[in-house]
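Residue strings, one per chain:
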Amino acid sequence: MSSLDTSSASNTDTLARLADTLATRRPDRGGNPQTSYTAKLLSRGPDAFLKKIGEEATELVMAAKDGRPDRIIAETADLWFHCLVALTHFNLRPEDVLAELARREGLSGLEEKASRPKD
């Protein structure tokens, strides 16, 4: 584990606090695209933040391929942030994602994938 480890409760609190802040940046809740990067992304609609998710995912892949732990952490943070913006747009919370991860905990990844509905 990293020297930056903290309790899972405080990590969950961090995600919840960030989600609360992002919710205040929604243009329909007074977020100002002129003064807030998040409000700007949200005002532009899904294409804007989905593009950023793709960019950040690619940057994470490149950092991982280069084996640069500092960049892996930074790019993961960027990716997670933009994913949180997407959750905010869809009125979802990081707790929803954490609940899904908890539901999957202890399941075989192959079994879990096989149990998903076919589209």
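Residues numbered from 1 in each chain as written. Predicted model: local features only at pLDDT ≥ 70, side-chain atom pairs only at ≥ 80, totals over all residues. Heavy atoms only, no water.

Colleague: Sorry if this is basic, but what is going on with unusual backbone geometry here?
Modeller: Trans is the prevailing form of peptide bonds, just as negative phi is the prevailing case for residues other than glycine. One non-glycine residue with positive phi stands out, namely Asn91, at about 55 degrees. Examined against the element boundaries, Asn91 turns out to sit in the loop between α4 (69–89) and α5 (94–104). (Helix = DSSP H or I, 4+ residues; strand = E, 2+ residues; numbered from the N terminus.)

Colleague: Please explain the environment of Glu55 as it appears in this structure.
Modeller: Relative to the assigned elements, Glu55 resides in helix α3 (residues 46–66). C-alpha of Glu55 to C-alpha of His82: the two residues are 27 residues apart in sequence and 10.0 Å apart in space.

Colleague: What is the right way to look at the nonpolar core in this model?
Modeller: Across soluble globular proteins, nonpolar side chains show a tendency to be buried alongside one another. Core analysis: the largest hydrophobic core is formed by 12 residues, namely Leu22, Leu41, Leu42, Ala48, Phe49, Ile53, Leu60, Leu79, Leu84, Val85, Ala86 and Leu87. When residues of this core are traced back to their parent elements, those giving at least two are α2 (37–44), α3 and α4. Per element, the largest residue contribution to this core is five residues, and it comes from α4. When near neighbours in sequence (up to four residues on either side) are disregarded, Val85 contacts Leu22, Thr38, Leu41, Leu42 and Phe49. (Core = buried A, V, L, I, M, F, W, Y, C linked by side-chain atoms within 4.5 Å. Buried < 20%, exposed > 50% of the residue type's maximum accessible area, 1.4 Å probe, protein only. Contact = heavy atoms within 4.5 Å.)

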